[in-house]
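# Coordinate analysis (summary)
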Amino acid sequence: SDAIDIDFSSGSIKDLSIAYSGNDGLDFSGSDVTAQNIEIINSGDKGLSVGERTTLSINNLIINGSKVGVASKDSSLIEINNVSIDNSTYAFAGFQKKLEYSPSKSKLINYSSNSDNFNYLLGYGSTLSIDNNIKKSNYDNNSISDLLY
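These remarks concern the structure in this document. (Residues numbered from 1 in each chain as written. Predicted model: local features only at pLDDT ≥ 70, side-chain atom pairs only at ≥ 80, totals over all residues. Heavy atoms only, no water.)

### Remarks on the pairing of strand β4 (residues 32–41)
Sheet faces and side chains relate simply in a regular strand, where the side chains alternate between the two faces. Inclusion rule: Here, strands pair whenever DSSP counts at least two bridges between them. Only runs of H or I of at least four residues qualify as helices and only runs of E of at least two qualify as strands under DSSP, and these elements are numbered from the N terminus.
Sheet analysis places strand β2 (residues 10–19) next to β4, joined by nine bridges and oriented parallel. Opposite G11, over in β4, you have V33 as the bridge partner. Where β4 meets strand β6 (residues 55–73), nine bridges bridge the pair, whose relative direction is parallel. Opposite Q36, over in β6, you have N59 as the bridge partner.

Following this line, the structure appears as C-alpha cells:
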C-alpha cells in the first residue's frame, strides 16, 4: 500500500521522510498542497504520485529508489524546486490516465541526478519543463498507463 495517501485535501507538509513503502511513497488525488523538505527512499512503485486535478508545489524533494520518481497525471499541475531523483527506472512520468481529465503540466526547477540519462515517459498533451528545457512527448497515454498500472 501507499505510505501516505492524501485525497481531496488542502494544506501543507513540512520535513517529511518516507522509507521502504510497499507501493507509492506519497500519493495525492484532487488536492491542493504545498510541501517543503520531502525525502522518499526506496518506494516499491512511484516515489511521488500526483493525480485527479491536484495542484502541488514542493520546495526541496529527494527521491532515491523507485520505479517512477515523480508521476503526474489527470489535470494535475506540479512545480518542484530543488529536486533530486536517483536510482529510479523512470525519473518522471506525465500523462492522462482517465478520459474525464486532461493531460498534466509539470515544472521541475534545479533538477539533479547521479544519472547522465533522464529516462521519462511523457504522454501526448502533457507538458514537462526541466530547468526551462521543454521535454517532448515520447509515448501515447494508453501505453504509459499499461506500463505503469
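From this point, the discussion proceeds with the structure in view.
### Remarks on the side chain of S126
In plain terms, the rule: For every residue, the accessible area obtained with a 1.4 Å probe (protein chains only) is divided by the maximum for its type, and the residue is called buried under 20%, exposed over 50%, and partly exposed between those limits. Pairs of N or O atoms within 3.5 Å make up the polar contacts considered here, provided that, within protein, one atom can donate a hydrogen while the other can accept it, and that residues adjacent in sequence are counted only when both atoms are side-chain atoms. The contact definition used throughout considers only heavy atoms, calling two residues in contact when any of these lie within 4.5 Å.
Inspection of the secondary structure puts S126 in the loop between β9 (120–122) and β10 (127–130). When its relative accessible area of 4% is taken as the criterion, S126 is described as buried. For S126, the side chain forms a polar contact with the main-chain nitrogen of S104, separated by 3.1 Å. Residues contacting S126, with those up to four places away along its chain left out, are G94, F95, Q96, P103, S104 and S137.

### Comments concerning helix α1 (residues 141–148)
Put simply, the test is: This arc is taken over the directions from the axis of the helix to the C-beta atoms.
Taken as a whole, α1 has its buried residues at N141, I144, S145 and L148. The buried residues of α1 all sit within an arc of 100° when viewed along its axis, so they share a single face. Away from its buried face, by an angle of more than 90 degrees, α1 presents the exposed residues N142 and D146. For α1, the secondary structure elements touched by its buried residues are β5 (46–51), β6, β7 (77–95) and β9. A side-chain oxygen of the first residue of α1 lies 3.2 Å from the backbone nitrogen of N142; this N-cap is D140.

### What about the pattern of salt bridges?
Test applied: We count a salt bridge whenever a side-chain nitrogen from Lys or Arg sits within 4 Å of a carboxyl oxygen from Asp or Glu.
Tallied over the full model, the rule gives three salt bridges. K46 is the partner of D24 in a salt bridge, and the nearest nitrogen-oxygen pair spans 4.0 Å. Of this pair, D24 sits in the loop between β2 and β3 (26–29) while K46 sits in strand β5, and the two are 22 residues apart along the sequence. K46 carries the same exposure label as D24, and that label is buried. For K46, the salt bridge is made with D45, and the minimal N-O distance between the two is 2.8 Å. D45 matches K46 in its accessibility class, with the two residues each being buried. When salt bridges that share partners are traced, they join D24, D45 and K46 into one network.

Shape descriptors only; they carry no functional weight alone.
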